[in-house]
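# Descriptive analysis of the structure
As a plain string of letters, each chain reads:
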2 protein chains.
Amino acid sequence: MRRLASALRSTPMAVYHHVRDKDELLGLVLEHVARGLPRPELPEQPRERLLAACTLMYRAFLDNPWVVPIVARGDLVGVSAVWVTEEIMAALVALGLDDQHAFRTHQTIWYFTAGQVMSAAHRPGATDGATGQTGEPAPHYVDVAMASRDPAEFPHLARLVGRSRHWEAEYRYADGLGHILDGALPRHDAADGATP
Amino acid sequence: MRRLASALRSTPMAVYHHVRDKDELLGLVLEHVARGLPRPELPEQPRERLLAACTLMYRAFLDNPWVVPIVARGDLVGVSAVWVTEEIMAALVALGLDDQHAFRTHQTIWYFTAGQVMSAAHRPGATDGATGQTGEPAPHYVDVAMASRDPAEFPHLARLVGRSRHWEAEYRYADGLGHILDGALPRHDAADGATP
DNA sequence: ACCTGAACACCGTTCAAGT
DNA sequence: ACCTGAACACCGTTCAAGT
């Protein structure tokens, strides 16, 4: 509130004349962000449509990671962005899930998305990618942990030392999303309806 | 720091004699929580073992949701809890994944876990389950959004109105985790090694 | 070695008052 | 209707000083 006020070259209290409290302000900004979400043509095929809608959601949250905790709180909704949820639900139903399973899968996708955005936001070069050089690249948590542990006691972690950081950077949202969908969607075996 | 100091019936500055700054303190508390993690017997079967290890991790974070943002930051590690990661990696490898895919799947699981804990922590009756009665049960975000929208425009969301809250409460960590594993692990078809 | 008080630069918010 | 200043109850942290 105080920072906003000084950015507006005003006093903190002036803000309170337009807004009840910080939560109301956050709700308004959330709605503003939701309205700014681009709505491109989505693929016709349900699975590609689903991937596109989820990736759009992911990108939007990556661009505005501060909204994640607000949305996670659950009481504030970016009403202008519910079309994304509608698209995801529609695609999940088109792919063979009933309402409840579709909703459940949507929740899994949301938790995964929220978690990844939260992790990605707190990483070097998140927003300030301009600087480029960061000296030596800060050890990964696996390397930190293994530095003071017996490799023989943690053989699988030991095998990650020096490689985990690179692999984590290489991780793509579509990787995890693909796994979730592969696990949640009904399998279409070689022949459609071969097994009733 | 100030709250800690007053809880200790001391001054904020006394704390700074034992600890460099708040981050060092958080690291120490994180390590303390990690050391308090129970280490029960885990099932022998890799998949059950994996589910048990992940659920243990989930429960630990649910009990201490404030550590999630700290762990997500990535620079602080609860070294005494890395055995959970070792167990997860070991089970994933035992289930047929190579190092890189196992690590990738571990990341997916972590993102999902972090996201769900973050969502669950900010829900009514999270820690104060003792109170029990909460009057009328606060509308779900689906209901909030749909209250001001045309049901015809969002048919799939409209079908969730009044049911989504219940379904969200019914959601179990094992649901999403099961989907992730089903999608990430190699399929063992009816006959082992039938298709090379 | 261990602690203190005053101070600085921050928060969100209330209250009484000004135009 | 719109804004202000002073104040309250908070933060993390520095600095000089006390035992």
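So, here is what we can say about the structure in this document. Treat the numbers as computed from the prediction; the structure is a model and nothing was measured. (Residues numbered from 1 in each chain as written. Chains lettered and ligands numbered in written order. Predicted model: local features only at pLDDT ≥ 70, side-chain atom pairs only at ≥ 80, totals over all residues. Heavy atoms only, no water.)

### Considering the environment of Val84 of chain A
All names here are of chain A. This is how the line gets drawn: Helix and strand labels come from DSSP, where a helix needs a run of H or I of at least four residues and a strand needs a run of E of at least two; each type is numbered from the N terminus. Residue contacts follow a heavy-atom distance rule, with two residues in contact if any of their heavy atoms lie within 4.5 Å.
Relative to the assigned elements, Val84 resides in helix α6 (residues 82-94). In this structure, the C-alpha to C-alpha distance between Val84 and Ala169, residues 85 residues apart in sequence, is 27 Å. Excluding its chain neighbours within four sequence positions, the residues that come into contact with Val84 are Leu37, Ala53 and Met57.

### What to know about the interface of chain B and chain A
Selection criterion: Two parts placed together each lose some accessible area under a 1.4 Å probe, and the buried area is that loss summed for both. The working definition used for a salt bridge is a side-chain nitrogen of Lys or Arg within 4 Å of a carboxyl oxygen of Asp or Glu. Pairs of N or O atoms within 3.5 Å make up the polar contacts considered here, provided that, within protein, one atom can donate a hydrogen while the other can accept it, and that residues adjacent in sequence are counted only when both atoms are side-chain atoms. The nonpolar class holds Ala, Val, Leu, Ile, Met, Phe, Trp, Tyr, Cys and Pro. Asp, Glu, Lys and Arg form the charged class, and all remaining residues, Gly among them, are polar.
On the side of chain A, 61 residues touch chain B, which itself brings 61 residues to the contact. Overall, the association of chain B and chain A removes approximately 5,300 Å² of surface from exposure, summing both partners, and the carbon and sulfur fraction of that is 67%. Summed over the three residues of chain B that lose the most area to chain A, namely Glu86, Phe103 and Tyr111 of chain B, the buried surface amounts to 13% of that side. For the interface between chain B and chain A, the tally reads 6 salt bridges. The partner of Asp99 of chain A in a salt bridge is Arg163 of chain B, with the nearest N and O atoms 2.8 Å apart. Taken together, the links from chain B to chain A amount to 12 residue pairs in polar contact (both at pLDDT 80 or more). Elements with a contribution of two residues or more to the side of chain B that touches chain A: α5 (67-73), α6 (82-94), α7 (99-121), α8 (141-147), α9 (155-158), α10 (164-170) and α11 (173-184) of chain B. If you tally residues by element for the side of chain B that touches chain A, the top one is α7 of chain B, at 16 residues. Grouping the constituent residues of the side of chain B that touches chain A by class yields 28 nonpolar, 19 polar and 14 charged.

### Some points on the protein's contact with DNA strand D
Stated precisely, the cut-off is as follows: Whether a residue is near a molecule or strand depends on its heavy atoms: it is near if one of them lies within 4 Å of it.
Near DNA strand D you find 14 residues, and of these His17 and His18 of chain A together with Met1, Arg2 and Met13 of chain B are the closest. Taking all atoms of DNA strand D within 4 Å of the protein, the share assigned to sugar and phosphate is 40%. In the model, a phosphate oxygen of DNA strand D is placed 3.2 Å from a nitrogen or oxygen of the Ser10 of chain A side chain. Residue Arg2 of chain B places a side-chain N or O atom 2.4 Å away from a base oxygen belonging to DNA strand D. Listing elements by their share of the surface near DNA strand D, those giving two or more residues are α2 (12-15) of chain A together with α1 (2-7) of chain B. Among the residues forming the surface near DNA strand D, the class breakdown is 5 nonpolar, 4 polar and 5 charged.

### Topic: α6 of chain B
Helical periodicity: at 3.6 residues per turn, an α-helix aligns residues three or four positions apart in one direction. Note the cut-off: In a helix, the anticipated span is given by 1.5 Å times the number of residues less one. Working definition: with a 1.4 Å probe on protein chains only, accessible area under 20% of the residue-type maximum means buried, over 50% means exposed, and in between means partly exposed.
In this model, α6 of chain B (13 residues) spans 18 Å end to end at C-alpha, consistent with the 18 Å of a helix rising 1.5 Å per residue. Here α6 of chain B lies mainly inside the structure; 10 of its 13 residues are buried. The set of residues buried in α6 of chain B consists of Val82, Trp83, Val84, Thr85, Glu86, Glu87, Ile88, Met89, Ala91 and Leu92 of chain B. Considering only its buried residues, α6 of chain B is in contact with α8 (141-147) and α9 (155-158) of chain A together with α4 (46-63), α7 and α11 of chain B.

### As for unusual backbone geometry
Residue and element names in this part refer to chain A. One non-glycine residue with positive phi stands out, namely Arg9, at about 50°. With respect to the helices and strands, Arg9 occurs in the loop between α1 (2-7) and α2. Residue classification places Arg9 among the exposed residues on the basis of a relative accessible area of 80%.

### Let's talk about the relation of the copies chain B and chain A
What counts is decided by this rule: When the copies are superposed, the least-squares fit draws on C-alpha atoms of residues that have pLDDT of at least 70 in both.
Mapping chain B onto chain A is achieved by rotating through 180° and translating by 0.0 Å along the same axis, at an RMSD of 0.0 Å. Taken together, these values place the two copies in the relation of a two-fold axis. When you check the interface residues of chain B against chain A, 100% turn up at the interface there too, and the contact is symmetric in its surfaces.

### Comments concerning the packing of α6 of chain A against helix α7 (residues 99-121) of chain A
How two helices sit against one another is set out by the angle between their axes and by the gap between those axes. All names here are of chain A. The following threshold applies: Here an angle of 0 to 180 degrees is reported between the N-to-C directions of two axes, which are lines fitted to C-alpha atoms, with helices fitted over the stretch in contact. For classification purposes, an angle smaller than 35 degrees is called roughly parallel, one larger than 145 roughly antiparallel, one from 65 to 115 roughly perpendicular, and anything else oblique. Each crossing gets its hand from how the near helix is turned against the far one by less than a right angle, where anticlockwise is left-handed and clockwise is right-handed.
Across the interface, α6 lies against α7 with an axial gap of 9 Å and an inter-helix angle of 130°. The angle between α6 and α7 places the two elements in the oblique class. Seen from above, α6 lies across α7 with right-handed handedness. Two secondary-structure elements touch here, α6 through Thr85, Ile88, Met89, Leu92 and Val93 and α7 through Asp99, Ala102, Phe103, Thr105 and His106. Here the contact of α6 with α7 is built from residues that sort into 6 nonpolar, 3 polar and 1 charged.

### Here's the deal with the protein's contact with DNA strand C
Taken together, 14 residues lie near DNA strand C, and Arg2, Met13 and Tyr16 of chain A together with His17 and His18 of chain B sit nearest. Of all DNA strand C atoms lying within 4 Å of any protein atom, the proportion belonging to sugar or phosphate reaches 39%. Ser10 of chain B has a polar side-chain atom sitting 3.2 Å from a phosphate oxygen of DNA strand C. Between DNA strand C and Thr11 of chain B there is a distance of 3.0 Å, counted from a phosphate oxygen to a side-chain nitrogen or oxygen. For the surface near DNA strand C, the secondary structure elements donating two or more residues are α1 of chain A together with α2 (12-15) of chain B. Within the surface near DNA strand C, the residues separate by chemical class into 5 nonpolar, 4 polar and 5 charged.

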